[in-house]
Amino acid sequence: MEVKVVQNILKVNEKLADENRKLFAAKDVFVIDVMASPGAGKTSTILATVDSLKDDVNIAVIEGDIASKVDAEKIQEHGVEAVQINTGGACHLDGNMIQNALQVLDLDAIDLLIVENVGNLVCPAEFDLGQSMKLVISSVPEGDDKPLKYPVIFTQADALILNKVDMLEATDFSETAFEEGVRRLNPRAPIFKISATKGDGVEAWTEWLRERVDAASK
Amino acid sequence: MHEMSVTQNVMEIVLQQAKEAGATRVKSVKLRFGTLTSIVPDCVAFYFEQMTPGTLAEGAKLDVEMVPLRLKCGQCGEEFEGQDELDVTCPKCGNPFTETLSGREMEVASIDVDT
Ligand SMILES: Nc1nc2c(ncn2[C@@H]2O[C@H](COP(=O)(O)OP(=O)(O)OP(=O)(O)O)[C@@H](O)[C@H]2O)c(=O)[nH]1
Ligand SMILES: [Mg+2]
Ligand SMILES: [Zn+2]
């Protein structure tokens with residue numbers, strides 16, 4: 001006997017992500033899912049964002065890594081709460097891991113929750129976490145062809161950061177080629193060019209973000 | 001890719017559906033994956049073989065249908081097939097912005113069971 005099923009394989013995750021989304025809305029928390037390849041500068045960008053906004057915005061960070069808690073410790077040194085999730089081999093965070101991490105966070109005391117996904121340009125794109133926006137970071141040393149090679153994640157971005165612009169001179173990275181690659185996939189998302197460690201361009205990004213966080217808490 | 005978590009979810013759906021249908025055995029499972037999902041069917045088949053022993057789906061055959069990428073032009077409305085990539089301009093009017101119609105599917109389509 002044939003049984004028609006037609007069920008989305010990721011439905012279980014969608015359900016959990018929807019629960020998260022409702023909870024975040026009820027608590028007026030703005031949530032960013034930060035996605036990028038390993039070493040693109042996710043933690044550095046989060047640190048720069050924290051330093052720029054922490055006097056005015058209550059921030060907490062969820063760090064997703066396959067192993068270790070070094071990233072969460074770095075964030076804590078900057079004076080905001082950070083929870084480390086170790087995925088134990090999984091190449092992405094999912095709605096359930098976020099739910100577990102939320103058990104130790106007081107959402108009433110948070111305006112902005114930044115989630116650093118596992119360094120990977122493929123898998124995190126498939127798993128909804130219940131976030132308010134997706135931030136994709138690409139960095140100069142990775143080359144300007146990343147949008148061509150990993151199109152799915154670039155279509156999903158609500159904002160893009162091109163990080164490590166201090167290294168433009170040392171490489172043959174073409175800003176035009178990168179921007180054209182992005183625009184073919186994603187006509188609207190703003191692109192912020194920054195150096196997370198040196199500070200260039202960070203303010204334009206954090207001001208844009210601040211407006212969104214303020215809008216969410218109204 | 002995350003074939004392992006995908007296969008775990010497949011197992012959950014299959015066993016749940018088999019139970020609801022009062023099945024004694026699952027003979028085959030049909031999956032549909034869009035070409036954009038970057039799922040490797042052989043890899044899912046491998047995990048499936050690891051996970052089925054001792055369940056109703058032990059020995060079940062796995063069929064995977066790949067769903068091609070279809071796109072629609074945001075300007076002139078032309079619908080066309082893409083080449084596993086989203087970076088395509090409309091063949092009719094040259095507009096670079098396209099909408100994805102299919103190619104992102106990840107679903108259990110049906111199961112065949114003995115009752
Ligand atoms: N020159 C330069 N180096 C940077 C910049 N941002 C980050 N880096 C360096 O790049 C390396 C990786 O940065 P991280 O912020 O740890 O990157 P990540 O994406 O969090 O890495 P994973 O969590 O391991 O995937 C570190 O050595 C940083 O100091 C930048 O703007 N310019
Ligand atoms: Mg990091
Ligand atoms: Zn067209």
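As a reminder, the structure under discussion sits directly above these lines.
Nothing here was measured: the structure is a model prediction, and the numbers come from that model.

**Re the site of ligand 1**
Residues and elements named next belong to chain A.
Consideration 1: Surveying the vicinity of ligand 1 reveals 18 residues, the closest of which are Lys-42, Thr-43, Ser-44, Glu-116 and Asp-166.
Consideration 2: One of the side-chain nitrogen or oxygen atoms of Lys-42 is found 2.8 Å away from an oxygen atom of ligand 1.
Consideration 3: Side-chain polar atom of Asn-163 to an oxygen atom of ligand 1: 3.1 Å apart, as the coordinates give it.
Consideration 4: In the complex, 71% of the free accessible area of ligand 1, which totals 650 Å², lies under the protein chains.
Consideration 5: Ranked by residues supplied to the shell around ligand 1, first place goes to helix H2 (residues 42–53) with three residues.
Consideration 6: A per-class count over the shell around ligand 1 returns four nonpolar, eight polar and six charged.

**Details of the nonpolar core**
Consideration 1: Ile32(A), Ile59(A), Val61(A), Leu112(A), Leu135(A), Trp205(A) and Leu209(A) are the most contacted members of the largest nonpolar core, which has 32 residues in total.
Consideration 2: Every element with two or more residues in this core is listed here: strand S2 (30–36), H2, strand S3 (59–65), helix H3 (70–77), strand S5 (112–116), strand S6 (133–139), strand S7 (159–163) and helix H8 (202–216) of chain A.

**Structural notes on the side chain of Ser28(B)**
Residue and element names in this part refer to chain B.
Consideration 1: Structurally, Ser-28 is set in strand S1 (residues 25–34).
Consideration 2: When its relative accessible area of 17% is taken as the criterion, Ser-28 is described as buried.
Consideration 3: With residues near it in sequence (within four places) discarded, Ser-28 still touches Ala-60, Lys-61, Ser-110, Ile-111 and Asp-112.

**Comments concerning the interface of chain B and chain A**
Consideration 1: Taken residue by residue, the interface counts 30 residues in chain B and 26 residues in chain A.
Consideration 2: Between chain B and chain A the total buried area reaches about 2500 Å² when both faces are included, carbon and sulfur atoms providing 62% of it.
Consideration 3: On the surface where chain B and chain A come into contact, there are nine residue pairs in polar contact (both at pLDDT 80 or more).
Consideration 4: Looking at the side of chain B that touches chain A, the elements with two or more residues in it are helix H1 (3–20) and strand S6 (106–114) of chain B.
Consideration 5: For the side of chain B that touches chain A, the element with the most residues is S6(B), which contributes eight residues.
Consideration 6: Direction of pairing for strand S1 (residues 2–8) of chain A relative to S6(B): antiparallel, over a ladder of five bridges. Within S6(B), the position partnered with Lys4(A) by the bridge is Ser110(B).

**Notes on the packing of helix H1 (residues 11–26) of chain A against helix H4 (residues 95–102) of chain A**
All names here are of chain A.
Consideration 1: Remark: H1 packs on H4, axes separated minimally by 8 Å, with the N-to-C direction vectors making an angle of 40°. Classified by the angle their axes make, H1 and H4 are oblique. Relative to H4, the crossing made by H1 is left-handed. In contact with Asn-13, Leu-16, Glu-19, Asn-20, Leu-23 and Phe-24 of H1, H4 contributes Gly-95, Asn-96, Ile-98, Gln-99 and Leu-102.

**Some points on the coordination of the zinc ion (ligand 3)**
Residues and elements named next belong to chain B.
Consideration 1: The zinc ion (ligand 3) binds to the protein through Cys-73 (SG), Cys-76 (SG), Cys-90 (SG) and Cys-93 (SG), with metal-donor distances spanning 2.3 to 2.4 Å.
Consideration 2: Because the angles between the four donor atoms bound to the zinc ion (ligand 3) fall within 106 to 115°, the donor set is best described as tetrahedral.
Consideration 3: For the zinc ion (ligand 3), the single-chain donor residues occur in sequence as C-x2-C-x13-C-x2-C. Here Cys-90 lies in the loop between strand S4 (79–81) and strand S5 (98–102) and Cys-76 lies in the loop between strand S3 (70–73) and S4, a separation of 14 residues in the sequence.

What counts, and at which threshold
- Residues numbered from 1 in each chain as written.
- Chains lettered and ligands numbered in written order.
- Predicted model: local features only at pLDDT ≥ 70, side-chain atom pairs only at ≥ 80, totals over all residues.
- Heavy atoms only, no water.
- Near = heavy atom within 4 Å.
- Polar contact = N/O pair within 3.5 Å; in protein donor to acceptor, adjacent residues only side chain to side chain.
- Areas by Shrake-Rupley, 256 points an atom, 1.4 Å probe, with all protein chains shown as cover.
- Helix = DSSP H or I, 4+ residues; strand = E, 2+ residues; numbered from the N terminus.
- Nonpolar A, V, L, I, M, F, W, Y, C, P; charged D, E, K, R; others polar.
- Core = buried A, V, L, I, M, F, W, Y, C linked by side-chain atoms within 4.5 Å.
- Buried < 20%, exposed > 50% of the residue type's maximum accessible area, 1.4 Å probe, protein only.
- Contact = heavy atoms within 4.5 Å.
- Buried area = accessible area lost by both parts, 1.4 Å probe.
- Pairing = 2+ DSSP bridges.
- Axes fitted to C-alpha atoms, helices over the stretch in contact; angles between N-to-C directions.
- Parallel < 35°, antiparallel > 145°, perpendicular 65-115°, else oblique.
- Left-handed = near helix turned anticlockwise from the far one by under 90°.
- Donors = N, O, S within 2.8 Å, 3.2 Å for Na, K, Ca; no water.
- Tetrahedral: all angles 85-135°; square planar, octahedral: opposite > 155°, others 65-115°.

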